[in-house]
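Notes for the structure review
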Amino acid sequence: MNPKLKEKILESLSAVLPITGIVLLLSIFLVPLDIGSVVMFLVGAIMLIVGMGMFQLGSEMSMSPLGEGIGVQISKSKSLLPIIVVSLLMGVIITLAEPDLQVLSNQVPSIPNSALIFTVAAGVGVFLALAVLRIIKGIDLSYLLMGLYLVLLTFSFFIPKEFLAVAFDSGGVTTGPITVPFIMAMGVGLSSIRVDKDASSDSFGLVALSSIGPILAVLILGYFYNPDGALYAADDIASVSTMRDVAQAFAFKTPHYAKEVFISIIPIAAMFFIFQFVSRHYQHRQRQRIVVGFGYTYMGLVLFLCGVNVGFAPVGTLIGYHLAGESTKWLLVPIGMIIGYYIVKAEPAIQILNRQVQSVTNGMVSAKSMNRCLSIGVSVSVGLSMLRVLTGISIQWIVIPGYIIALVMSKLVPKIFVGIAFDSGGVASGPMTSTFLLPLCIGACDMHGGNLMTDAFGVIALVALTPLIAIQIMGLQYKLKLNKLQKSAVPDSMLADDVDEIIEIEEV
């Protein structure tokens, strides 16, 4: 086995084992599952582990170099028009390729799939172009975010409440495993030719702005469609009695996901060949590496999506349904928080973000600290989502104060933490959220008798919100530590290393 692939699979194993163990413990003590369901879940977990490992390797070999190369190339243009056009097209193409968007569009039958998908893609395209211009012009990210979120939150008061959660969820699902590696690498490429002190910090923020576009676009779409009657089509656990039945259940679904991922990858592969033909950016060995990377990405995503959708999602619905029973319903909040803490580690794009943050900051912001902050943030968001299911609290009562807090904090923390925080929100809400946490909320809401559109939907939006605050709290800690060290009377020789380390973060 490729040593690098083995390393990625072992990383995936360590990320997926905790959530697998939690589900198995729940099946023993609180939600008895039949043997067939457990076997389906375990097989799905194995496919998820292998698929995530292959995807991460493939993304490093293909998506990241392609995004960075395009970023470098368009930043050399002396005219803004080609930059805007290329960025807009990149945003649309990459969003149409995002499998998470297909999942969400299927759950809102009151809106034609094509209308929702193209609306979201247009939103991402426009705001990706805006994000690229921000990097080139060096516009302060926090001021831009404040203005855009003010517009977004104002719009939220003028659309049907049944549409609100779906609109905010759309911002999370668009920044999934296909989109994130490409967009983040594009940011690195755009900022690489700048020599000012804010260049590295400005490499972050593309995902953040690209997440706002689809929310605003879908809010506008809410004026033209009535979401009443929209239903969630949860998958049932396949009925199996032998291992042959298990194999057949996964084999039956695999061609569907193979086709879905193939359709997603083809536009990006075509983009690579066109870009290479025009720019001659990559040498022969680089081209070979990228092509092999596309192969790993394709196989990894097929295994990942098949494992999660066939093995994980139905079990999530079942667990949520049974936990929402009268005697155990309040256990949903602490159990949801525990699941949220560990499940974010299994998001494929999270590890890509964490490694890029560690690389850009030269290890000053470690992947370990990022993982810890994101886990805490997502844990809180899932707990709030379960509370919404049980109490029917409107999502506006959470997202409006939450974004106000995050935006105020953006003026108090070092610049680099603002971009990292707002990017992390979009990255955290990936396929594990849409195919396990959402079904978990759906099952609980169904049992509790709540409104699926207003009470269950919105978990993706909350998962995208809380990391914004958690990461910026980490930024405040660094800033306070820096101030403390600067004021300390301890001899310089004892403080030099720590001060240099934190000052470097400030200057990155």
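Residues numbered from 1 in each chain as written. Predicted model: local features only at pLDDT ≥ 70, side-chain atom pairs only at ≥ 80, totals over all residues. Heavy atoms only, no water.

Of the regular secondary structure elements, the protein holds 21 helices and 0 strands. Across the 508 residues of the protein, 60% fall into the buried class. Excluding contacts between residues fewer than 6 apart, the proportion of contacts in the protein whose partners are at least 24 apart in sequence is 86%. Approximately 19,900 Å² of the protein is accessible, and the part contributed by carbon and sulfur atoms is 65%. (Helix = DSSP H or I, 4+ residues; strand = E, 2+ residues; numbered from the N terminus. Buried < 20%, exposed > 50% of the residue type's maximum accessible area, 1.4 Å probe, protein only. Contact = heavy atoms within 4.5 Å. Areas by Shrake-Rupley, 256 points an atom, 1.4 Å probe, with all protein chains shown as cover.)

One can find Lys 479 in helix 20 (residues 459-487). Judged by its relative accessible area of 32%, Lys 479 is partly exposed. Separated by 67 residues in sequence, Lys 479 and Leu 412 place their C-alpha atoms 8.9 Å apart. Those residues in contact with Lys 479 that sit more than four places away from it in its chain are Leu 412 and Pro 414. At 2.9 Å, the side chain of Lys 479 and the backbone oxygen of Leu 412 are in polar contact. (Polar contact = N/O pair within 3.5 Å; in protein donor to acceptor, adjacent residues only side chain to side chain.)

In this model, the protein carries an average pLDDT of 81, and 88% of its residues clear a pLDDT of 70 or more. The model gives residues 492-496 a pLDDT under 50, and that stretch makes 3 contacts with residues more than four places away or in other chains. Counted against residues more than four places away or in other chains, residues 498-508, with its pLDDT under 50, gives 23 contacts. (pLDDT = per-residue confidence, 0-100.)

In a regular helix each residue adds 1.5 Å, so 40 residues correspond to 58 Å; helix 12 (residues 284-323) covers 56 Å between its end C-alpha atoms and thus fits that length. In helix 12, a bend of some 35 degrees at Phe 312 exceeds every other bend along the element, and Pro 314, a proline, comes one to four places later. (Expected span 1.5 Å × (residues − 1). Bend = angle between axes of the 7 residues up to and from the residue.)

For the rest of this paragraph, the subject is the pattern of salt bridges. Evaluated as defined, the whole model comprises 2 salt bridges. The salt bridge partner of Glu 60 is Lys 8, with a shortest N-O separation of 2.6 Å. With a gap of 52 residues between them, Glu 60 in helix 2 (residues 35-75) and Lys 8 in helix 1 (residues 3-29) connect regions that are remote in the sequence. Exposure remark for Glu 60: the relative accessible area of 25% places this residue in the partly exposed category. (Salt bridge = Lys/Arg side-chain N within 4 Å of Asp/Glu carboxyl O.)

To continue, consider the packing of aromatic side chains. Enumeration according to the criterion identifies 10 aromatic pairs in this entry. On the numbers, 5.0 Å between centres and 55 degrees between planes, the contact of Phe 272 with Phe 273 is tilted. Between Tyr 341 and Tyr 342, the aromatic rings sit 5.1 Å apart at their centres with planes inclined by 75 degrees, giving edge-to-face as the arrangement. Taken together through their ring pairs, the aromatic side chains of Phe 272, Phe 273, Phe 275, Tyr 282 and Phe 294 make up a single cluster. Over the ring of Tyr 143 we find Lys 411; its NZ or CZ atom is 3.6 Å from the centre of that ring. (Phe/Tyr/Trp six-rings, centres within 6.5 Å; stacked < 30°, edge-to-face > 60°. Lys NZ or Arg CZ within 6 Å of the ring centre and 35° of its normal.)

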